[in-house]
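Residue strings, one per chain:
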Amino acid sequence: MKKIGIVFFMILLYTVSFSEVTFRASTTTPKIYDTFLIGVEFLNQNKEKYEIEGLENFEVISKGSKNSYNYINGNVTALKADTYSLQAKKEGKFTLRLIAPNGVKKGLEIIVGENKQLAQDLKNKYFFNENLKRKSFYFGEKIPYEESFLSFVRLNSFSQLKLPEFNEFSVKDLTNYQRNNYSQKIIEYNGKKALELELFKGILQPNSSGKKQILSSEVRVEEEGIDYFSNRLVNIPRKKIMLDIKPLPPNKPANFKGIVGDVAVNEKWSKTTGKVGEAITLNLTFYGEGNLELLDSLEIDGNNDFNIFQNLKDYKEEIRDKKYYNEKEFEIAFIPKKSGILKTPKITVPYFNTKTGKYETLTIQAKEIKVNGKGTTTEQSITQTKKEETKAKTPEIKKEEKISKNIKESINVEFLKAQKSKIKNPYKLAFGMIGILALIELIIIIFTLRKKRVK
């Protein structure tokens, strides 16, 4: 028992004597956007909770932990370690300080320098492209956003390490994939051929006004070398894109539905003359960069000369030539209540024009409609139309019924003929058989009488 106690005492003494906390880095002079490692190691002691001050100046790409035990020549070595993969957010001199609960404090001075090689690569070999030509928008605008990556050199592999982040936006993703892969094509850019990969394509809508940030994709490429050992991995860092979302000015007009942008309208009348109760239709197609999704119905002033009905026919939105485009179509039916020269009501759609920075109104002017004759009411017109449709179908139905009747009559006639022939034949056969029997009986009687006379 004493021996066991001595062994534990020796192990404890060894642990206390040789315990150590280390804090080290794979390099203390990384380049901006380069990835490097730092490690926190606990040798022969428990891994306590600790803090690393100054870590906010770096992006933590990943964190891993490991425990290992070695027994050499009777000596036990226990190592518990955490490894961080970091990427500097900016150039400069930074201090990372490890603070452990047991009072251990250790520091690392990290000097982040300019990455001239990456800057050169981004200038001559690779190009990260996004289509935002302006960085200021009004709240309510829909923003087209596209990302693409161009390479002017041959690549062995490509990977999108991080997708773009739109933390304060609603997003409609329109990214086009080809067989679950990036859409790619060969283009000419600044007089040079390049491979273009589409990383993202979508429509953004800010959730509020103010300063907003978009983080682009982060990608990694493997540049093709002379052989496998000369292939080179390059990380293309994320871009921070700042947008200013301006609030709409006050004093919004009546019936304003939140349409923001540049919009226009096409109108098409079915005709300008008609009869009472006969529908005259107007097709309105609104189009442009304004957010027409919010235009759910049209405000049409009341009019005692017409019954008015409106219907939403179609809506679509897309990115067209790197610009946002949407289109909405309404169909409006004007049904005259009386004859004469009548005027349809004016239709107005208020919106905020982003080009002028003012509230404006899209107006569809009143139209003169010439209504001839007294005509019929709408209900009578509908009833008459149904009657005409029924009448148009009736001859065909009667014809079908007549054909069907003739077929039935034909079948019945043939059936009756067959029945009559079956009934006649048995009687004829019976009478014939009776006649034959009577003749036979007569012959027998005559033969018998002659026989008696002979005797």
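Worth saying up front: this structure is predicted, and the values here are computed from it rather than measured.

> Describe empty space enclosed by the protein, naming the residues involved and giving the relevant values.
Within this structure, the stated rule accounts for one cavity of 30 Å³ or more. Together, Asn 255, Lys 257, Ile 259, Leu 295, Ser 297, Leu 298, Glu 299, Thr 348, Val 349 and Pro 350 line the largest cavity. Among the residues forming the lining of the largest cavity, the class breakdown is five nonpolar, three polar and two charged.

> Kindly report on the sheet that holds strand β11 (residues 155-162), identifying the contributing residues and their values.
Spatially, the three strands line up as an open sheet ordered β11-β17-β18, and their pairing is antiparallel. In the strand order of this sheet, the two ends are held by β11 and β18 (232-236), each with one partner. Going from strand to strand, the sheet's axes swing by 15° on average, the running direction of each strand aside. Relative to strand β17 (residues 218-223), β11 is paired through six bridges, and the arrangement is antiparallel. Across the sheet, the residue bridging to Leu 155 is Glu 223, located in β17.

> Tell me about a nonpolar patch on the surface, and please be specific about residues and values.
A contiguous nonpolar patch, built from Leu 439, Leu 442, Ile 443 and Ile 446 and spanning about 380 Å² of accessible area, is present on the exposed surface. The residue Leu 439 is located in helix α3 (residues 378-454) in this model.

> Which residues make up the side chain of Asp 305, and what values do they have?
With respect to the helices, strands and loops of the structure, Asp 305 is situated in the loop between β22 (280-288) and β23 (306-320). One polar contact links Asp 305 to Lys 338, side chain to side chain, over a distance of 3.3 Å. Those residues in contact with Asp 305, other than ones at most four positions away along the chain, are Ile 335, Pro 336, Lys 337, Lys 338 and Leu 342.

> Give me the pattern of salt bridges: which residues, what numbers.
Pairing is possible between side chains that carry opposite charge, provided their charged atoms lie close to one another. Applying the stated rule across the entire model yields 22 salt bridges. Across the salt bridge formed by Lys 239 and Glu 130, the nearest N and O atoms sit 3.8 Å from each other. With Lys 239 in the loop between β18 and β19 (240-246) and Glu 130 in strand β8 (residues 126-130), this residue pair connects regions lying 109 residues apart in the sequence. On the basis of relative accessible area, Glu 130 is assigned to the buried category, the value being 13%. One continuous salt-bridge network, built from bridges that share partners, spans Lys 142, Lys 172, Glu 293 and Glu 317.

> Quick rundown of the packing of aromatic side chains? Include the residues and the values.
In this structure the tally under the stated criterion is 17 aromatic pairs. On the numbers, 5.8 Å between centres and 75° between planes, the contact of Phe 36 with Phe 58 is edge-to-face. Taken together, the residues span a long stretch of sequence, with Phe 36 in strand β2 (residues 35-43) and Phe 58 in strand β4 (residues 58-72) at a distance of 22 residues. The pair formed by Phe 36 and Phe 58 is uniform in burial state, with each residue classed as buried. Look at Phe 306 and Phe 334: their rings are 5.8 Å apart centre to centre, the planes differ by 80°, and that puts the pair in the edge-to-face class. Note that Phe 306 is positioned in strand β23 and Phe 334 in strand β24 (residues 323-336), a separation of 28 residues in sequence. Note on Phe 306: relative accessible area 3%, which makes it buried. Through successive ring pairs, a cluster of aromatic residues spans Tyr 126, Phe 149, Phe 158 and Tyr 182. Over the ring of Phe 152 we find Lys 192; its NZ or CZ atom is 4.4 Å from the centre of that ring. The ring of Tyr 138 has Lys 246 sitting right over it, with the charged end atom 4.4 Å from the ring centre.

Thresholds applied
Residues numbered from 1 in each chain as written. Predicted model: local features only at pLDDT ≥ 70, side-chain atom pairs only at ≥ 80, totals over all residues. Heavy atoms only, no water. 1 Å grid on protein atoms, 1.4 Å probe; cavity = no way out; pocket = protein on both sides within 12 Å on 5 of 7 lines; lining within 4 Å. Points joined across faces, edges and corners; volume = space filled by probe spheres on them. Nonpolar A, V, L, I, M, F, W, Y, C, P; charged D, E, K, R; others polar. Pairing = 2+ DSSP bridges. Helix = DSSP H or I, 4+ residues; strand = E, 2+ residues; numbered from the N terminus. Axes fitted to C-alpha atoms, helices over the stretch in contact; angles between N-to-C directions. Patch = residues over 30% accessible without salt bridge, like charges linked within 9 Å, V, L, I, M, F, W, Y side chains within 5 Å. Areas by Shrake-Rupley, 256 points an atom, 1.4 Å probe, with all protein chains shown as cover. Salt bridge = Lys/Arg side-chain N within 4 Å of Asp/Glu carboxyl O. Polar contact = N/O pair within 3.5 Å; in protein donor to acceptor, adjacent residues only side chain to side chain. Contact = heavy atoms within 4.5 Å. Buried < 20%, exposed > 50% of the residue type's maximum accessible area, 1.4 Å probe, protein only. Phe/Tyr/Trp six-rings, centres within 6.5 Å; stacked < 30°, edge-to-face > 60°. Lys NZ or Arg CZ within 6 Å of the ring centre and 35° of its normal.

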